[in-house]
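Chain and residue survey
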Amino acid sequence: MSAKYIFVTGGVVSSLGKGLAAASIGCLLESRGLRVNLMKFDPYLNVDPGTLSPFQHGEVFVTDDGAETDLDLGHYERFTHARLSRDNNLTTGRIYEQIITKERRGDYLGKTVQVIPHVTNEIKTAMRKVATDADVTIVEIGGTVGDIESLPFLEAIRQMRQEFGRENTVFVHVTLVPWIGAAQELKTKPTQHSVKELLSIGIQPDILLCRTDRFLSHEIKSKIALFCNLEERAVIAAKDVASIYEVPLTFAQEGVDKLALKYLHIEAKEPELGRWKRLVERCYNPRDEVSIGIVGKYVEYEDSYKSLKEALVHGALAYDLKLRVTWIEAEGLESKHPGDRRYEEELAGFDGILVPGGFGKRGIEGMLNAIRYARENGVPYFGICLGMQTACIEFARNVCGLAGASSSEFDPATPHRVIFKLRELTGVEEMGGTMRLGAWPCVLAEDSIAARSYEATQISERHRHRYEFNREYEALLTGAGLRITGTTPDATYVEIVEIPGHPFFLGCQFHPEFKSKPLEPHPLFRAFIAAAYENRLRSEPERVAQDSLTQTRQ
């Protein structure tokens, strides 16, 4: 079978959910037995999102091969089983970097290097590369149609239709049909203008995903189809839903996958969506809830912790629980003076506390206060990356009595460098792509929370960090009760620490959230949610007899 492509573009405004749309289409095609791959082109000039602000760009998603990528790749992995790598996310910066490297090497000797054909050829080559082992490759173009930065990518996909033909390419355009309250009606003009912009560069959308907060009437769909030059059934109402995991089911009801297969001339079996339907049923009919306080640096923008939030949701769904997350700004928990413990009032009442990853000194003292509260009060605690490092610092200060213990990242002059820079990065000052990145193996100690959660003693997890636990302090901290339960096979790096006897106190250097899926919750998140819910039940003893987490309906 020839390579088949679905190109996803967006118009009118950003943040319409192109990534979720692409992931959901991939989910539906996969449920029909097809092999899918997905990729994202980002139009900014950064080589990768690793140096972008989390407040502006959201989280950096890390793949097994150590690529720092766009958060939409997280959606792709959660909704499908596509194996993603650095080839699945390219930016304008990286493409230009590749072209300039070739030009300096002399590959274009005698030629004038231009956007067409050299940049567009590089983009097309990247698309063909990821399509080799897939029945259908879904390509998302970042940005909004009309942006000057997106033009080379749009031109490249226009050329792909010329080269591969209509039977091998489908254009899906995500657009907006807003409800105007003052007029009490839906407006189609933004969608018309967006499609007109696409037509001006030679692209006719085959399917329109119309983002709206209500169903589209036959009249509205007919009007859009007429003015945008496509059949009415290809005008899809991409209605707002309470759970993102309902999107594939909504698309299936609207026939998005049937249309795509028709246009691509593919025969496929009926979709098997039973597990997804049961998942969504649990989303909307939980038997109880669990509350988690997340103490972080970037809580003003939830996309900064996108995979983390979803992994917690997955853990809660495994036990038919509704997740209630409270985002707590770490700086707000800092003590005004020694002995000031007013932060405890803000932390009281949570079933579990989590400190996620991050960089820099801001908010560290507030995180340490949150960790101390969880440790001293028996509240389940889960620390990820920075959350593991701060757990070690808190233990060193308040259990081992090492006054001023810190990380050399926050305090280069600290008398006790419990956390310090990775040895192989000593002297490396460049910021982009210089961390310990990607999948690394880890060996787990017998009879540990980690080993029981994974039901294994050897695992592989994804990393993104520049600092590590200083093993010079290992004897002192473990002698006081901290337990190291995960290390690299050569015992160089500490990967997991726990406190025995605590209901749940675990810190891991890696990012387990990157490997969690709604139908395959990550073991550590399952264990953390289970411990948090048991903590909730302990505070409501009358319910213990009638509730248990020993059975799941996963």
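Structure's up top.
Presented here is an overview of the structure given in this document.

Analysis parameters
Residues numbered from 1 in each chain as written. Predicted model: local features only at pLDDT ≥ 70, side-chain atom pairs only at ≥ 80, totals over all residues. Heavy atoms only, no water. Helix = DSSP H or I, 4+ residues; strand = E, 2+ residues; numbered from the N terminus. Rg over C-alpha atoms; globule rule 2.2 N^0.38 Å. Buried < 20%, exposed > 50% of the residue type's maximum accessible area, 1.4 Å probe, protein only. Contact = heavy atoms within 4.5 Å. Lys, Arg positive; Asp, Glu negative; His and termini not counted. Charge placed at Lys NZ, Arg CZ, Asp CG, Glu CD. Patch = residues over 30% accessible without salt bridge, like charges linked within 9 Å, V, L, I, M, F, W, Y side chains within 5 Å. Areas by Shrake-Rupley, 256 points an atom, 1.4 Å probe, with all protein chains shown as cover. Salt bridge = Lys/Arg side-chain N within 4 Å of Asp/Glu carboxyl O. Axes fitted to C-alpha atoms, helices over the stretch in contact; angles between N-to-C directions. Parallel < 35°, antiparallel > 145°, perpendicular 65-115°, else oblique. Nonpolar A, V, L, I, M, F, W, Y, C, P; charged D, E, K, R; others polar. Pairing = 2+ DSSP bridges.

To continue, consider the overall build of the chain. Assigned secondary structure in the chain consists of 18 helices and 23 strands. The C-alpha atoms of the chain give 25 Å as radius of gyration, which agrees with the globular expectation for 554 residues (24 Å, within 12%). In terms of overall dimensions, the chain has C-alpha extents of about 70 × 65 × 45 Å along its principal axes. With 554 residues in all, the chain has 59% of them scored as buried. Sequence-distant contacts in the chain: of pairs separated by 6 or more residues, those separated by 24 or more amount to 73%. Averaging the locations of the 66 positively and 77 negatively charged side chains of the chain gives two centres separated by 3 Å.

Moving on to a nonpolar patch on the surface. Together, Tyr 96, Ile 100, Val 115 and Ile 116 make up a nonpolar patch on the protein surface, roughly 340 Å² of accessible area in all. Those elements that place two or more of their residues in the nonpolar patch are helix H4 (92-105) and helix H5 (115-130). In this fold, Ile 100 is placed in helix H4.

The next point concerns the packing of helix H14 (residues 364-377) against helix H15 (residues 386-398). For the pair H14 and H15, interaxial distance at closest approach is 9 Å and the crossing angle is 70°. Overall, the two elements H14 and H15 adopt an arrangement that is roughly perpendicular. Each of Ile 364, Glu 365, Met 367, Leu 368, Ile 371, Arg 372 and Arg 375 in H14 lies in contact with H15, whose residues at this interface are Leu 386, Gly 387, Thr 390, Ala 391, Ile 393, Glu 394, Phe 395, Arg 397 and Asn 398. When its residues are assigned to classes, the contact of H14 with H15 shows 8 nonpolar, 3 polar and 5 charged.

A few words now on the sheet that holds strand S11 (residues 235-239). The strand order across the open sheet formed by 7 strands is S5-S2-S6-S1-S7-S10-S11, and the pairing between neighbours is parallel. In this open sheet, the two edge strands, each paired with only one partner strand, are strand S5 (89-91) and S11. Pairs of neighbouring strands in the sheet enclose a mean axial angle of 20°, with direction left out of account. Judged from the 5 bridges that link them, strand S7 (residues 169-176) and strand S10 (residues 207-212) form a sheet pairing that is parallel. Following the sheet pairing, Leu 176 is matched in S10 by Arg 211. Sitting on the sheet, helix H1 (residues 18-31) is in contact with strand S1 (4-10), strand S2 (36-42), strand S6 (136-141), S7 and S10, with an inclination near 175° to S6.

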